[in-house]
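Read off the chains here:
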Amino acid sequence: MFRQIADGKVDAGVTNQFFGAVNARRYNLMDTAVVFEPSSLFFATRKGKNRHILVAIDRHLHDLKKNADSIYYRTRKKWTSEELPFRIPTWFIAIASGIFVVLLVSAGGSLLLKRQVNARTFELRQINAEMEQRILARTAELADATEKARAADQVKSAFLATMSHELRTPLNSIIGFTGILLQGLAGPLNDEQRKQLEMVQSSSRHLLLLINDVLDISKIEAGQLQLSWSTFRLRDSIEQITKSMLPLAQKGNLALVVDISEDVGDIESDRRRLEQVILNLVNNAVKFTEHGQVRICVHRESDEYVIRVIDTGIGIRPEDVPQLFTPFHQIDSGITRKREGTGLGLSICLKVLDMLGGTIHVDTEWGRGSTFTVRIPEQRRTQS
Amino acid sequence: MTDRILIIEDNAQNMYLMKFLLGKSGFDVVGADNGRSGIEMALTLRPAIVLLDIQLPGMDGYAVAAELRRHPELAHVPIVAVTSYAMAGDRESIMAAGATGYIEKPINPDTFVEEVGCYLHAAENRGE
């Protein structure tokens with residue numbers, strides 16, 4: 001074929017690229033670019049002539065295309081299978097290089113991102129360490145402050161206890177000598193002297209109550225109030241309290257009603273402290289009731305006793321109820337100005353009951369009366 | 001023979017008050033205003049009961065009670081602390097130091113003599 005081309009017998013030949021490239025040089029022939037992409041090759045002939053040849057070629061091609069093993073397909077397969085590895089299409093190169101660039105960029109990007117993430121992580125670690133340091137410092141400061149506050153609290157309680165003691169010493173002689181004079185042990189008194197001495201006595205007793213209450217509060221707050229547990233008859237305590245309050249109730253023209261249910265028996269508690277609480281409630285009820293009655297009702301509910309002190313007194317305004325159990329809080333209303341008291345009673349009641357494992361609750365209606373409900377365990381509950 | 005009562009108390013008013021109340025009731029009352037002289041008087045005058053304040057200058061009531069208890073001849077003499085110490089454990093401390101009883105200040109002038117009398121009788125009954 002190459003010789004025939006070189007001799008000018010044929011115009012051109014079609015062959016394999018490598019085979020062609022090698023032999024073309026030998027015959028001093030020029031090669032042209034091989035077009036791999038599907039292109040349309042045409043057999044051309046002069047117009048109007050050799051029509052039968054064209055028809056024969058077409059028919060042959062048509063037959064060849066029908067048969068998979070025909071020379072048409074074999075040739076094509078041979079060529080395409082040999083061509084493919086060596087000839088990468090430009091569109092493929094374009095896409096591949098595009099992908100490569102994208103990959104490169106993304107790899108670079110991810111590297112950059114990784115560096116940034118590392119930097120941020122480091123920063124975060126540092127901030128975290130700093131925060132931990134700060135928290136530690138603050139915790140130490142807080143512990144220090146708490147310790148100081150506790151120390152100050154103890155100083156305060158010790159101060160109150162000392163003051164109470166110091167105040168009691170002179171009060172001892174005031175109350176004592178007033179008592180002696182009123183008993184007539186130092187000689188007879190006229191009516192005016194007696195009246196004035198009774199005022200001294202009443203004032204000094206009030207002062208003593210105040211000091212005792214302050215002492216109680218400071219003892220409780222200093223954790224120095226020691227309870228003395230014993231088993232006693234609750235009924236006896238209630239009856240004793242009622243008896244002691246009877247003169248005051250009668251003076252105010254009030255009925256003092258006691259209603260102790262059959263199931264009320266022994267209780268294990270601190271007798272003195274529990275009686276202090278109940279006495280305080282009954283005393284309040286009598287003080288704040290001008291007409292009607294004060295009822296003390298006691299009954300049992302499973303393993304606790306419920307003690308109710310019900311009065312028909314002035315009641316408590318709803319806005320005053322929340323502060324009722326805070327120290328030195330006495331409700332300021334026209335009528336209460338007349339009442340004596342320390343403003344510590346109910347706060348002591350609350351604290352004492354808390355220590356005894358009990359609770360206190362108030363239901364009240366302004367102008368109609370109040371009910372104080374104490375719940376106290378029948379037996380000492382060991383604290384867990 | 002009237003019972004002799006020794007009061008150890010540094011506050012002059014309180015001393016006078018107790019002396020007055022007990023004296024009116026017919027007791028023979030002697031007083032000391034500090035612990036040292038109180039112990040000396042207890043040893044020489046042999047009171048039937050000692051009323052002891054806790055807060056005393058120099059030697060305090062705890063030390064006085066302990067010292068009194070070291071003398072066998074005073075072993076049967078009741079020591080009653082009369083004090084306004086009222087913090088938790090005060091009662092226990094003074095009882096541990098050797099006191100027999102405890103009367104809290106301010107004393108009640110209506111019942112004070114009676115209370116002292118109770119301690120006195122209890123001691124006499126034990127002695128018999």
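For the structure itself, consult the block above.
Residues numbered from 1 in each chain as written. Chains lettered and ligands numbered in written order. Predicted model: local features only at pLDDT ≥ 70, side-chain atom pairs only at ≥ 80, totals over all residues. Heavy atoms only, no water.

Chemist: Looking at this structure, I do not really get the overall build of chain B. What am I missing?
Modeler: Counting secondary structure elements, chain B contains five helices and five strands. The order of α-helices and β-strands along chain B, N terminus first, is β-α-β-α-β-α-β-α-β-α. Radius of gyration (C-alpha) of chain B: 13 Å, near the 14 Å computed for a compact globule of 128 residues. Based on the C-alpha atoms only, the size of chain B along its principal axes is roughly 35 × 30 × 25 Å. Sorting the 128 residues of chain B into buried and exposed places 49% on the buried side. Counted over contacts in chain B with a minimum sequence separation of 6, partners at least 24 positions apart contribute 62%. Per element, the accessible surface of chain B, about 5800 Å² overall, is 51% carbon and sulfur. Within chain B, the 18 negative side-chain charges are centred at a point lying 4 Å from the centre of the 10 positive side-chain charges. (Helix = DSSP H or I, 4+ residues; strand = E, 2+ residues; numbered from the N terminus. Rg over C-alpha atoms; globule rule 2.2 N^0.38 Å. Buried < 20%, exposed > 50% of the residue type's maximum accessible area, 1.4 Å probe, protein only. Contact = heavy atoms within 4.5 Å. Areas by Shrake-Rupley, 256 points an atom, 1.4 Å probe, with all protein chains shown as cover. Lys, Arg positive; Asp, Glu negative; His and termini not counted. Charge placed at Lys NZ, Arg CZ, Asp CG, Glu CD.)

Chemist: Explain the interface of chain A and chain B here, please?
Modeler: Many structure descriptions define interface size as the accessible area lost when the parts assemble. At the junction of the two partners, chain A supplies 23 residues and chain B supplies 21 residues. Carbon and sulfur atoms supply 61% of the area buried between chain A and chain B, which totals about 2000 Å² over both sides. Summed over the three residues of chain A that lose the most area to chain B, namely H165(A), R168(A) and N172(A), the buried surface amounts to 29% of that side. For the pair chain A and chain B, the interface holds one salt bridge. Among the ionic pairs, R168(A) bridges to E104(B), the shortest N-O distance being 3.4 Å. Our count for the chain A to chain B interface comes out at eight residue pairs in polar contact (both at pLDDT 80 or more). At the level of secondary structure, the elements contributing two or more residues to the side of chain A that touches chain B comprise α5 (90–182) and α6 (191–221) of chain A. Here the side of chain A that touches chain B gets 13 residues from one element, more than from any other, and that element is α5(A). (Buried area = accessible area lost by both parts, 1.4 Å probe. Salt bridge = Lys/Arg side-chain N within 4 Å of Asp/Glu carboxyl O. Polar contact = N/O pair within 3.5 Å; in protein donor to acceptor, adjacent residues only side chain to side chain.)

Chemist: How do you make sense of the packing of helix α2 (residues 35–45) of chain B against helix α3 (residues 61–69) of chain B when you look at a structure like this?
Modeler: Each pair of packed helices can be summarised by the angle the axes make with each other and by the distance between the axes. Residue and element names in this part refer to chain B. Where α2 contacts α3, the two axes come as close as 10 Å, and the packing angle between them is 25°. Our classification of the angle between α2 and α3 gives roughly parallel. The chirality of how α2 crosses α3 is right-handed. Facing α2, whose interface residues are G35, I39 and A42, α3 presents V64, E67 and L68. Of the residues that constitute the contact of α2 with α3, the class distribution is four nonpolar, one polar and one charged. (Axes fitted to C-alpha atoms, helices over the stretch in contact; angles between N-to-C directions. Parallel < 35°, antiparallel > 145°, perpendicular 65-115°, else oblique. Left-handed = near helix turned anticlockwise from the far one by under 90°. Nonpolar A, V, L, I, M, F, W, Y, C, P; charged D, E, K, R; others polar.)

Chemist: When you look at a nonpolar patch on the surface in this model, what are you seeing that I'm missing?
Modeler: Residue and element names in this part refer to chain A. Taken together, the side chains of W91, F92, I93, I95, I99 and L103 present a nonpolar region at the surface, about 640 Å² in accessible area. Looking at the element boundaries, I99 is found in helix α5. Since its relative accessible area comes to 48%, I99 is described here as partly exposed. (Patch = residues over 30% accessible without salt bridge, like charges linked within 9 Å, V, L, I, M, F, W, Y side chains within 5 Å.)

Chemist: I tried to follow the sheet that holds strand β1 (residues 4–8) of chain B on my own but got confused; where do I start?
Modeler: Backbone-to-backbone hydrogen bonds join strands into a sheet, with any given pair of strands oriented parallel or antiparallel. Residue and element names in this part refer to chain B. Within the open sheet, the five strands sit side by side as β2-β1-β3-β4-β5. Their pairing is parallel. In this open sheet, the two edge strands, each paired with only one partner strand, are β2 (28–32) and β5 (101–104). If you compare each strand with its neighbour and ignore which way they point, the axes differ by 20° on average. When strand β3 (residues 49–52) meets strand β4 (residues 79–83), the two strands line up parallel, connected through three bridges. By the bridge assignment, L51 is partnered in β4 with V80. (Pairing = 2+ DSSP bridges.)

Chemist: I would appreciate a short explanation of the pattern of salt bridges in the present structure.
Modeler: In a structure, side chains of opposite charge can pair up when their charged atoms sit close to one another. Residues and elements named next belong to chain A. The final tally for this structure, using the stated rule, is 17 salt bridges over all chains. Two residues, R120 and E123, come together in a salt bridge whose shortest N-O distance is 3.2 Å. Of this pair, R120 and E123 both sit in helix α5, separated by three residues, roughly a single helical turn. Across the pair R233 and D236 runs a salt bridge, and its minimum N-O distance is 3.3 Å. A relative accessible area of 44% means that R233 is categorised as partly exposed. Judged by relative accessible area, which is 30%, D236 ranks as partly exposed. Each of the salt bridges in this network shares a partner with another, and the network as a whole consists of E301, E304 and R375.

Chemist: What am I meant to see in the packing of α6(A) against helix α9 (residues 345–356) of chain A here?
Modeler: Residues and elements named next belong to chain A. The geometry of α6 relative to α9 is characterised by a closest axis approach of 10 Å and an angle of 35° between their N-to-C directions. In the crossing of α6 with α9, the sense of the turn from one axis to the other is left-handed. Residues D213, D216, I217, I220 and E221 of α6 pack against G345, S347, I348, K351, V352 and M355 of α9.

Chemist: Where do I start with the sheet that holds strand β4 (residues 293–301) of chain A in this structure?
Modeler: Residue and element names in this part refer to chain A. Strand order in the open sheet formed by five strands is β2-β4-β5-β7-β6, with mixed pairing between adjacent strands. Two strands lie at the open edges of the sheet, namely β2 (255–260) and β6 (359–365), each paired on one side alone. Strand-to-strand twist across the sheet, computed as the mean angle between neighbouring axes with direction ignored, equals 15°. The sheet strands contacting helix α7 (residues 234–251) are β2, β4 and β5 (304–311), and the helix crosses β2 at an angle near 175°.

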